[in-house]
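Coordinate inspection notes
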Amino acid sequence: MKKFDDAWRLSQVASFLCGRLVGDPDRLILGVASPEEVTQEYICVLWEKSAFRKLVKDVPVVVPLGWLEPDRIGVEVEEPKIAFAKLLSLFERPRTPKCEVHPTAMISQSAEVHPSAYIGPFCVVREGAKIANDVVLEAHVFVGKDVFIDEGTIVEPHVTLYHGVKLGKRCLIHAGASLGCEGFGFCSRDGKLVKIPQVGGLVIGDEVEVGALTSIDRGTLGDTRIGSGTKIGDCVHVGHNAQVGSNCILVAMTGIAGSAVIEDNVIMAAQSGVKDHARVGKGSIVAAKSGVTKDIPPGMMVSGFPARDHREELKIQALTQRLPEIYERLLRLERLHEGVGNEDEKGNPSKAD
Amino acid sequence: MKKFDDAWRLSQVASFLCGRLVGDPDRLILGVASPEEVTQEYICVLWEKSAFRKLVKDVPVVVPLGWLEPDRIGVEVEEPKIAFAKLLSLFERPRTPKCEVHPTAMISQSAEVHPSAYIGPFCVVREGAKIANDVVLEAHVFVGKDVFIDEGTIVEPHVTLYHGVKLGKRCLIHAGASLGCEGFGFCSRDGKLVKIPQVGGLVIGDEVEVGALTSIDRGTLGDTRIGSGTKIGDCVHVGHNAQVGSNCILVAMTGIAGSAVIEDNVIMAAQSGVKDHARVGKGSIVAAKSGVTKDIPPGMMVSGFPARDHREELKIQALTQRLPEIYERLLRLERLHEGVGNEDEKGNPSKAD
Amino acid sequence: MKKFDDAWRLSQVASFLCGRLVGDPDRLILGVASPEEVTQEYICVLWEKSAFRKLVKDVPVVVPLGWLEPDRIGVEVEEPKIAFAKLLSLFERPRTPKCEVHPTAMISQSAEVHPSAYIGPFCVVREGAKIANDVVLEAHVFVGKDVFIDEGTIVEPHVTLYHGVKLGKRCLIHAGASLGCEGFGFCSRDGKLVKIPQVGGLVIGDEVEVGALTSIDRGTLGDTRIGSGTKIGDCVHVGHNAQVGSNCILVAMTGIAGSAVIEDNVIMAAQSGVKDHARVGKGSIVAAKSGVTKDIPPGMMVSGFPARDHREELKIQALTQRLPEIYERLLRLERLHEGVGNEDEKGNPSKAD
């Protein structure tokens, strides 16, 4: 349950959400609440009929078009999830607004920092780095040599940006992420492992979100790339030279191995993985804990390990679960043939044919 | 092999552990050792008979009640693991004892820091944060706005506490953990991903331990919660709005998805996972690498993916391993029917019924 | 595509790589490029015939001995991957060369820092720590009490080295790693979890690489150990008391549970795991996402969960995938016996024998 700074009238909520008002336009709304805790002074956003039916009628709601009978109160909208995001944005704390370089930050003389940027305490900005307008570096951010951070990007505490990393506009990089670390490349010589230098870079597009404690490695020779609009969860790993498209979703604990290609609009669910050099086609969905070992065409939903068509995997899972019964049935059939079977097991050639 | 600061007599060890002494009370004990390296001047704690039998008789041991024949030497205790913990605690280095705010720490004027707290070098404490008595913040800790840290809690280096996070009493937060990061919530609009603001909080109970490089996200609207006494390993991820009960154990690399509910006393083994909105009942155990996809009743042991009753899963695993043999047996049965079978395979309807 | 600082003649490249020159020795080489982007002024290193065949003939290449017909241009070498590493090393930025302790670093008076070491901004070095010659600590590194870092080791930003950790010579520790954190040991008493103090240490050999955001815990009583030459990827976890041998490769997101033993030259692929106390024999390979639950002999390749011989696992995977077909065939056999089968299902004893 979250209170707005000021109470709103229901009519104001409806107009803010571009929705259709049902019921008393002057009802005062103090804030947003979840269905479990909502009262008549709060509003609740719903997109599942079952949750909607459980609510008492006098509680104000935001719901899809056509759901509100005249005895209800609330706002109908085209997209309730978007409306939810808009309402929640009313509580978001404004970011540290001051344009300032904290006196404890260590900025190299050859770095360029736009005067509208905020650089927090104990940040380190190395030689040749460029920080554009409206960038926010929270405390303890490390910005390596020749890094470029484009306008409006926010970097949370304890993030490491290795040398030469490029971040696009309005990105959000969460606490402790490691971007542009050397990739994991070795070759074996006389039983010892020799490091393959990683001299490529890391280029991240616009409006990318990178979760806390996520690592994305730089390329060996070319660049590792993350396309614009892609959202990456916590504790994800993206290997060297991987190419991740635009508007992808990589949920927490996903692993993308080196040189893998993730095309646009792909969803990788939690704890899933993609083998090195494998390609996941545009718009495909990889289910949680699955492992992609070879190329997946566009528009597929895959699951399991090795990942295959999800419907097939479900069939196989169901049959795997029935293995004890299947085995029993096989045994029964064998008993029906026991005489012949025994002979066979003794090594005599079967005479049945 | 670890030496005490001073040698102890065996009678003193017995009385420290509230155990029963067997053998020479004046034997000098210099420290604790593992069974592999123990000598007659050290003591070794054992709870497995097989390891006990391998030891030479003259080595002092701490073992369960009733194990020591009169020709042995050592201490019998009710709970050897507890005794082990007690003995080891004799070596633990005392924490930096001084109550001090390091001169390099940046503390907001509106933050409240109890005079008995220790704030290490390069810590940042933002506006409105409250730090209670006997709290220790090691170097490089970031404490966001309005964070509350209750008495006796220890926070190791490079931890990020986002704004508004609440930590209970006597917690231990290991290096690099990220607590209260924005959760991973997006909705899709015209092919682009729109962020759902995460305005809820994160509330952690008393005596909770959080492993190194673990991330726990804040709630979307309500709070993510971790119950008192719960122990969380390294590299774990807990998603937004998840509710984790008391005295749970989340072993390293476990993933708890958004809005999942983990009831009290649950054990999640390494690399396991729980789907969003799924519930794991009180006292249940989820085996390593398993994935919980739907509600698990209390007191179950589950394994596999999707996770099911562990005994069933073991049966299925055993049969899966026997698939090559099962397939051979099916082939043999088919050969017994080859005439009829062949017809069938040619597309003729089977006449057998 | 990466440019050298100066152009090289092909004859110089051949001599630098100790290889056999084919074609114009005076061809100017501006840098190294991948097969996709290479032009006639760059050189491309190849070890797969298929990629080689696709290239136009006038592009300079580095390839295995015996590949170059007289109409080609390039250098033949014994080991192209090693040659690739050598060429790439020409671009590597020299590390901050200056021997300096940054004025913002907080070094305890009882710590010993060799004058040739570099200590970056905001580093903290605690009492009794020893830092040998040519060590580089990038910004924001935390070095606990009595830590020892041997010559030439490089530690990237935001790394935490807990008290007493020992790092060998010429190691590379990537951003945000946590080394020597207390292990995850608890015992249960009256329904509450009691912490087992972790008083052991962590000893890391020479030329070990540790990936970004990897955690390696200290031992309970003895030491956790990582052998010389071992390379560990990002987001890996190694539990307390684990013993990892020399020249091992632990790929990203691998988990090694407490007290596990990984012998020399083992490869653990991505997202794999080893159970506590299990042993993986010398030179064995554990495939991606596999889980080792019991001892693996030397020289094996294992996969699956529980991990078994890889060829066996492949057979089982293939048959699992064919379960729908196998089930159909079982059904067909049952239909052939339907009369008898039905009786049987009604509970009548089968008369077939």
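Parameters and conventions
- Residues numbered from 1 in each chain as written.
- Chains lettered and ligands numbered in written order.
- Predicted model: local features only at pLDDT ≥ 70, side-chain atom pairs only at ≥ 80, totals over all residues.
- Heavy atoms only, no water.
- Helix = DSSP H or I, 4+ residues; strand = E, 2+ residues; numbered from the N terminus.
- Rg over C-alpha atoms; globule rule 2.2 N^0.38 Å.
- Buried < 20%, exposed > 50% of the residue type's maximum accessible area, 1.4 Å probe, protein only.
- Contact = heavy atoms within 4.5 Å.
- Least-squares fit on C-alpha atoms with pLDDT ≥ 70 in both.
- 1 Å grid on protein atoms, 1.4 Å probe; cavity = no way out; pocket = protein on both sides within 12 Å on 5 of 7 lines; lining within 4 Å.
- Points joined across faces, edges and corners; volume = space filled by probe spheres on them.
- Nonpolar A, V, L, I, M, F, W, Y, C, P; charged D, E, K, R; others polar.
- Domains from an automatic or database assignment.
- Buried area = accessible area lost by both parts, 1.4 Å probe.
- Salt bridge = Lys/Arg side-chain N within 4 Å of Asp/Glu carboxyl O.
- Polar contact = N/O pair within 3.5 Å; in protein donor to acceptor, adjacent residues only side chain to side chain.
- Pairing = 2+ DSSP bridges.
- Axes fitted to C-alpha atoms, helices over the stretch in contact; angles between N-to-C directions.

**Notes on the overall build of chain A**
Looking only at helices and strands, chain A has six helices and 38 strands in total. In terms of C-alpha radius of gyration, chain A reaches 28 Å, well past the compact-globule figure of 20 Å for 353 residues. Seen through its C-alpha atoms, chain A measures out along the principal axes to roughly 90 × 75 × 30 Å. Split into buried and exposed, the 353 residues of chain A put 58% on the buried side. Once local pairs closer than 6 in sequence are excluded, the contacts in chain A between residues at least 24 apart make up 18%.

**Quick word on the relation of the copies chain C and chain A**
Take chain C, turn it by 120°, move it 0.0 Å along the axis, and it overlays chain A with an RMSD of 0.1 Å. On this basis, the relationship between the two copies can be described by a three-fold rotation axis. A different interface surface on each copy is seen, since only 20% of the contact residues of chain C are contact residues in chain A too.

**A look at the relation of the copies chain B and chain A**
Note on the copies: chain B fits chain A at an RMSD of 0.1 Å, the axial shift is 0.0 Å, and the rotation between them is 120°. An asymmetric contact is evident, with only 20% of the interface residues of chain B recurring at the interface of chain A.

**A word on empty space enclosed by the protein**
Enumeration according to the criterion identifies four cavities of 30 Å³ or more in this entry. Lining the largest cavity are 44 residues, and of these A:Phe305, B:Lys289, B:Phe305, C:Lys289 and C:Phe305 lie nearest its centre. Among the elements of the structure, helix 4 (310-321) of chain A, helix 4 (310-321) of chain B together with helix 4 (310-321) of chain C are those that each provide at least two residues to the lining of the largest cavity. Broken down by class, the residue content of the lining of the largest cavity amounts to 20 nonpolar, 15 polar and nine charged. In this structure, the second largest cavity encloses a volume near 120 Å³. Along its surface, the second largest cavity is lined by 21 residues, and A:Gly176, A:Leu213, B:Gly176, C:Gly176 and C:Leu213 are the ones closest to its centre. Its residues assigned to classes, the lining of the second largest cavity comprises nine nonpolar, twelve polar and no charged.

**A word on the domain arrangement of chain A**
By the assigned domains, chain A splits into domain 1 (8-90) and domain 2 (100-307). Using only C-alpha atoms to locate each centre, domain 1 of chain A and domain 2 of chain A end up separated by 38 Å.

**A few points about the interface of chain C and chain A**
Between chain C and chain A, the residue contacts involve 70 residues of the former and 71 residues of the latter. Taken together, both faces of the contact between chain C and chain A bury some 5600 Å²; the carbon and sulfur share is 65%. Remark: the boundary between chain C and chain A carries six salt bridges. Where chain C packs against chain A, one counts 20 residue pairs in polar contact (both at pLDDT 80 or more). Elements with a minimum of two residues in the side of chain C that touches chain A: helix 3 (80-89), strand 26 (231-232), strand 29 (249-250), helix 4, helix 5 (323-336) and helix 6 (338-345) of chain C.

**Details of the sheet that holds strand 5 (residues 61-64) of chain C**
All names here are of chain C. Strand order in this open sheet of six strands is 1-3-4-5-6-2, and the pairing throughout is mixed. This sheet does not close on itself; its edge strands, each paired only once, are strand 1 (2-9) and strand 2 (20-22). The sheet shows a mean angle of 30° between the axes of neighbouring strands, taken without regard to direction. As paired elements, strand 3 (residues 28-32) and strand 4 (residues 42-45) share two bridges and run parallel to each other. By the bridge assignment, Val-32 is partnered in strand 4 with Ile-43.

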